[in-house]
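# Architecture and fold: a report
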Amino acid sequence: MHVVHTIAELRQHLQAFRRPAFVPSMGNLHDGHLALVRQAQPLGDVTVASIFVNRLQFAPHEDFDTYPRTFDADCAKLAEAGCHVVFAPTEKEMYPEPQGYKVHPPAELADLLEGHFRPGFFIGVSTVVMKLFSCVFGATPSGVALFGKKDYQQLMVIRHMVRQFVLPIEVVAGETQRAPDGLALSSRNGYLSPAERVEAVQLSLALKGLATDALAAGDLAAEREALETRAMHALARRGWRPDYLTVRRRHDLQPPTAADARAGQLVVLGAAKLGGTRLIDNLEI
Ligand code: PAF
């Protein structure tokens, strides 16, 4: 496995290939990332992962400084999973000057849910992903990029960006990987105390409960908000601070109409803080 730190080295290395399969990450890798790396292998002629903690997608009060950086362990896991190239740029390499040009995803997709609670988050994500795409795919005719469904809205924003900028990149989704108790794997799970770790599965259980209620609703469009409020109150009673638990239609994350509910194209999404840790999860129903 080659580890490269500069864009020039990366591009030079990838010149020999026609279709990189790329898994972007911020490191502190878990089985969710590694499943994406394994899924990537048959999709391209070289498998590339990036490790870059992107300051642009963190608000000043968020965990940029404390975000776990575990580079050596990450490289060992990537090599084991069959990754061929790791791109681990420094901040100076990715942002040699203040990033004046940014990708602003449309408000109707990016200012709701995560974007509402983390203003600017999807601008930071879209901008770095566009730059990473340019670094990885700049020297090849096409490529494939893999993103986990755990960050459901992020996946939608990236798909939308790729479509609207007609980038020659196929975006492939990976299923959410879960711990045996059902907790979605996330780098931020490491922040949980042992007691919080036991409690953490309640977010996915609350989403399952909301999904069951949504499917049982006679008129989902009319009942949705009451069901969501009830689910959030139940989680709050356990000591969580929920940002949202909501039923949406899959294709644009807008509130579903009765026809969307009948078509069965729904997703429930949630974000909530447990102690100092903010967790997100979702379930397609
Ligand atoms: O999902 C992540 O880890 C990050 O948002 C990404 C896509 C690597 C961009 O920094």
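Residues numbered from 1 in each chain as written. Predicted model: local features only at pLDDT ≥ 70, side-chain atom pairs only at ≥ 80, totals over all residues. Heavy atoms only, no water.

### Some details on the pattern of salt bridges
So the rule is basically this: Just to be clear on terms, a salt bridge is a Lys or Arg side-chain nitrogen sitting within 4 Å of an Asp or Glu carboxyl oxygen. Exposed residues in this analysis have more than 50% of their type's maximum accessible area, buried residues have under 20%, and partly exposed residues fall in between, with area computed by a 1.4 Å probe over protein chains only. Strands are runs of DSSP state E lasting at least two residues, helices are runs of H or I lasting at least four, and both sets are numbered from the N terminus onward.
As enumerated under the stated definition, the model contains 16 salt bridges in all. Close ionic contact of arginine 224 with glutamate 225 constitutes a salt bridge, the shortest N to O distance being 3.7 Å. Its relative accessible area of 7% is what places arginine 224 among the buried residues. Residue classification places glutamate 225 among the exposed positions, given a relative accessible area of 55%. For the salt bridge of arginine 278 with aspartate 243, the shortest nitrogen-to-oxygen distance reads 2.8 Å. Here the residue arginine 278 occupies a position in strand β9 (residues 277-284), and aspartate 243 occupies one in strand β7 (residues 241-249), the gap between them amounting to 35 residues. Taking the relative accessible area as the measure of exposure, arginine 278 reaches 18% and is therefore buried.

### A few points about the site of the ligand
Operational definition: In these notes, residues near a molecule or strand are those with any non-hydrogen atom within 4 Å of it. Pairs of N or O atoms are called polar contacts if they sit within 3.5 Å, as long as, within protein, a hydrogen donor faces a hydrogen acceptor (for residues adjacent in sequence, only side-chain-to-side-chain pairs). Using a 1.4 Å probe, the Shrake-Rupley method yields the accessible areas, and only the shown protein chains count as cover for residues.
The ligand sits among Pro24, Ser25, Met26, Asn54, Gln57, Val125, Val128, Phe147 and Gln154. At 2.7 Å, a side-chain N or O of glutamine 57 approaches an oxygen atom of the ligand. Here glutamine 154 contributes a side-chain N or O atom positioned 2.7 Å from an oxygen atom of the ligand. Summarising the interface, the protein chains cover 90% of the accessible area of the ligand, which totals 280 Å² for the free molecule. Contributing elements (two or more residues each) for the shell around the ligand: β2 (20-25) and α7 (121-137).

### Observations concerning the packing of aromatic side chains
Spelled out, the test is: Aromatic rings from Phe, Tyr and Trp, taking only the six-membered ring of Trp, are treated as a pair when their centres fall within 6.5 Å; an angle between ring planes under 30 degrees marks them as stacked, one over 60 as edge-to-face, and anything in between as tilted. The criterion is that NZ of a Lys, or CZ of an Arg, lies within 6 Å of the ring centre and within 35 degrees of the ring normal, and then a charge sits over that ring.
Here the structure, examined in full by the defined rule, presents 9 aromatic pairs. Between the aromatic rings of phenylalanine 133 and phenylalanine 147, the centroid separation amounts to 6.3 Å while the plane-to-plane angle is 75°, which identifies the pairing as edge-to-face. You can see phenylalanine 133 sitting in helix α7 and its partner phenylalanine 147 sitting in strand β5 (residues 143-148), a full 14 residues away along the chain. An identical accessibility class is assigned to phenylalanine 133 and phenylalanine 147; each is buried. By way of ring pairs, the aromatic residues Phe22, Phe133, Phe137 and Phe147 are connected into one cluster. Over the face of the ring belonging to phenylalanine 64 we find arginine 69, whose NZ or CZ atom lies 4.8 Å from the ring centre. Lying over the aromatic face of phenylalanine 121, arginine 118 brings its terminal NZ or CZ to 4.2 Å of the ring centre.

### A closer look at helix α3 (residues 71-81)
Cut-off, in case you're wondering: Think of it as the arc spanned by the lines of direction from the helix axis to the C-beta atoms.
Listing the buried residues of α3 in full gives Asp74, Cys75, Leu78 and Ala81. The arc that holds the buried residues of α3, viewed along the axis, is 130°, so those residues lie on one side. Exposed positions of α3 whose direction lies more than 90 degrees from the buried face are Asp72 and Glu80. Count one or two residues on from α3 and you reach glycine 82, which has phi positive near 95°.

### Overview of a nonpolar patch on the surface
The line we're drawing: By definition, no residue in a patch forms a salt bridge, and every one has over 30% relative accessible area; like charges are joined within 9 Å, nonpolar side chains (Val, Leu, Ile, Met, Phe, Trp, Tyr) within 5 Å.
Residues Met1, Val3 and Phe71 make up a contiguous nonpolar surface patch of roughly 230 Å² in combined accessible area. Mapped onto the elements, methionine 1 comes out in the segment before β1 (2-4). You can call methionine 1 partly exposed: its relative accessible area is 42%.

### Examining the sheet that holds strand β8 (residues 266-274)
The test is simple: Should DSSP find at least two bridges between two strands, the strands are regarded as paired. Simply put, an axis is a line fit to the C-alpha atoms, just over the touching stretch for a helix, and the angle between two N-to-C directions goes from 0 to 180 degrees. In what follows, a contact means two residues having at least one pair of non-hydrogen atoms within 4.5 Å.
Read across the sheet, 3 strands follow the order β7-β8-β9 without closing on themselves; strand pairing throughout is antiparallel. Unpaired on one side and paired on the other, β7 and β9 mark the two borders of the sheet. Strand after strand, the sheet turns through a mean of 10° between neighbouring axes, direction not considered. For β7 and β8, the ladder comprises 8 bridges, and the chain directions are antiparallel. Note on β8: the bridge partner recorded for threonine 246 is leucine 269. On the sheet, helix α10 (residues 202-216) packs against β7, β8 and β9 and is oriented at approximately 35° with respect to β9.

### What about the pairing of β5?
Inclusion rule: Handedness rule for crossovers: strands pointing away from the viewer, path from the first strand over the helix to the second running clockwise, crossover right-handed.
The buried fraction of β5 amounts to 5 of the 6 residues, a majority that puts the element mostly inside the structure. Looking at chain direction, β2 and β5 are connected through 2 bridges and run parallel. Bridging across to β5, phenylalanine 22 finds its partner in alanine 145. Crossover connection from β5 via helix α8 (residues 152-164) to parallel strand β6 (residues 169-174): handedness right-handed.

### As for the packing of helix α1 (residues 7-14) against α7
We count it as follows: Put simply, angles under 35 degrees are roughly parallel, angles over 145 are roughly antiparallel, angles from 65 to 115 are roughly perpendicular, and the rest are oblique. Polar here means any residue outside two lists: the nonpolar Ala, Val, Leu, Ile, Met, Phe, Trp, Tyr, Cys and Pro, and the charged Asp, Glu, Lys and Arg; Gly therefore counts as polar.
Relative orientation of the contacting elements α1 and α7 amounts to 45°, with a least axis distance of 8 Å. Between α1 and α7, the angle is such that the two are oblique. For the pair α1 and α7, contact is made by Ile7, Leu10, Arg11 and Leu14 and by Ser134, Cys135 and Val136, respectively. Looking at the contact of α1 with α7 residue by residue, the classes come out as 5 nonpolar, 1 polar and 1 charged.

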